[in-house]
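# Geometric and topological summary
Below are the chains, spelled out letter by letter.
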Amino acid sequence: MTVNMSKGQSISLQKADGGTLTAVRMGLGWQAAPRRGLFGSRTREIDLDASAVLFADKQPRDVVFFQHLVSDDGSVRHTGDNLVGGVGQGGDDEAILVDLQRVPVHIDQIVFTVNSFTGQTFAEVQNAFCRLVDETNGQELARYTLTGGGQYTAQIMAKVERSGSGWQMKALGEPANGRTFQDLMPHLMPHL
């Protein structure tokens, strides 16, 4: 069963049978919003990019994004850049796979961000979501839907953090401005 998350909500990443999750996929999906013009409505391609920043003691240690597809330790992997969105018609346009068992013990948080590389605002995006899937069985665990559009070019979507012997996910949903994850670093720090 999927948990539809709201901003600031946390969920434990424990399996229904009491076991712990071993591998998760953070999926990102979006579509370009139709724009009204003189000759009817049309859409413009939107290039959103998903990134995962790995932190240890509130310090960035590694990042996975379209130009660095695999973390240095191999525990986090980006499936590749999608330049237009909407290809999956509700499915994941970009995904980041996290092998939770292989994440080094010093990494205590992984923050997932989305940014508009080409600079369009989220007012030009519709049906945007971030979701967490149990990669071992394909079951969707949680979904955070981006609502409200807005005149910003990025979103700090969610984070997974160590909690005791397991992990938990927190929906952040914080709007920001920036074309790359580097632009978002000052906005990430208050969420650690």
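The notes below deal with the structure included here.

Rules of the game
Residues numbered from 1 in each chain as written. Predicted model: local features only at pLDDT ≥ 70, side-chain atom pairs only at ≥ 80, totals over all residues. Heavy atoms only, no water. Buried < 20%, exposed > 50% of the residue type's maximum accessible area, 1.4 Å probe, protein only. Helix = DSSP H or I, 4+ residues; strand = E, 2+ residues; numbered from the N terminus. Pairing = 2+ DSSP bridges. Core = buried A, V, L, I, M, F, W, Y, C linked by side-chain atoms within 4.5 Å. Contact = heavy atoms within 4.5 Å. Salt bridge = Lys/Arg side-chain N within 4 Å of Asp/Glu carboxyl O.

## Quick look at the pairing of strand S10 (residues 109-116)
Summarising burial for S10: eight of the eight residues are buried, a large majority. Residues of S10 alternate between two faces, with Gln109, Val111, Thr113 and Asn115 on one and Ile110, Phe112, Val114 and Ser116 on the opposite face, all of them buried. As judged from the eight bridges shared by strand S6 (residues 48-56) and S10, these two strands associate in the antiparallel manner. Bridge assignment links Leu54 to a residue of S10, and that residue is Ile110.

## With respect to the nonpolar core
Among the nonpolar cores identified, the biggest contains 36 residues, and Val76, Val98, Ile110 and Phe112 are the most heavily contacted of them. Listed by contribution, the elements that provide at least two residues to this core are strand S3 (23-32), S6, strand S9 (94-99), S10, strand S11 (125-134), strand S12 (140-145), strand S13 (154-163) and strand S14 (166-176). Top contributing element to this core by residue count: S6, with five residues. Ile110 has contacts with Ala52, Val53, Leu54, Val76, Val98, Val103, Ala158, Lys159 and Val160, leaving out every residue within four places of it along the chain. Within the second largest apolar cluster, eleven residues are counted, among which are Val53, Phe55, Phe181 and Met185.

## Section: unusual backbone geometry
In this model, Asp57 sits at a positive phi of 50 degrees, which is unusual for a non-glycine residue. Looking at the element boundaries, Asp57 is found in the loop between S6 and strand S7 (59-64).

## Focus on the pattern of salt bridges
Within this structure, the stated rule accounts for six salt bridges. A salt bridge links Glu140 to Arg131, with the shortest nitrogen-to-oxygen separation between them at 2.8 Å. Here Glu140 and Arg131 have matching classes, each one buried. The salt bridge partner of Lys159 is Glu161, with a shortest N-O separation of 3.6 Å. Counted as one network, the salt bridges with shared partners bring together Arg25, Asp92, Arg131, Glu135, Glu140 and Arg143.

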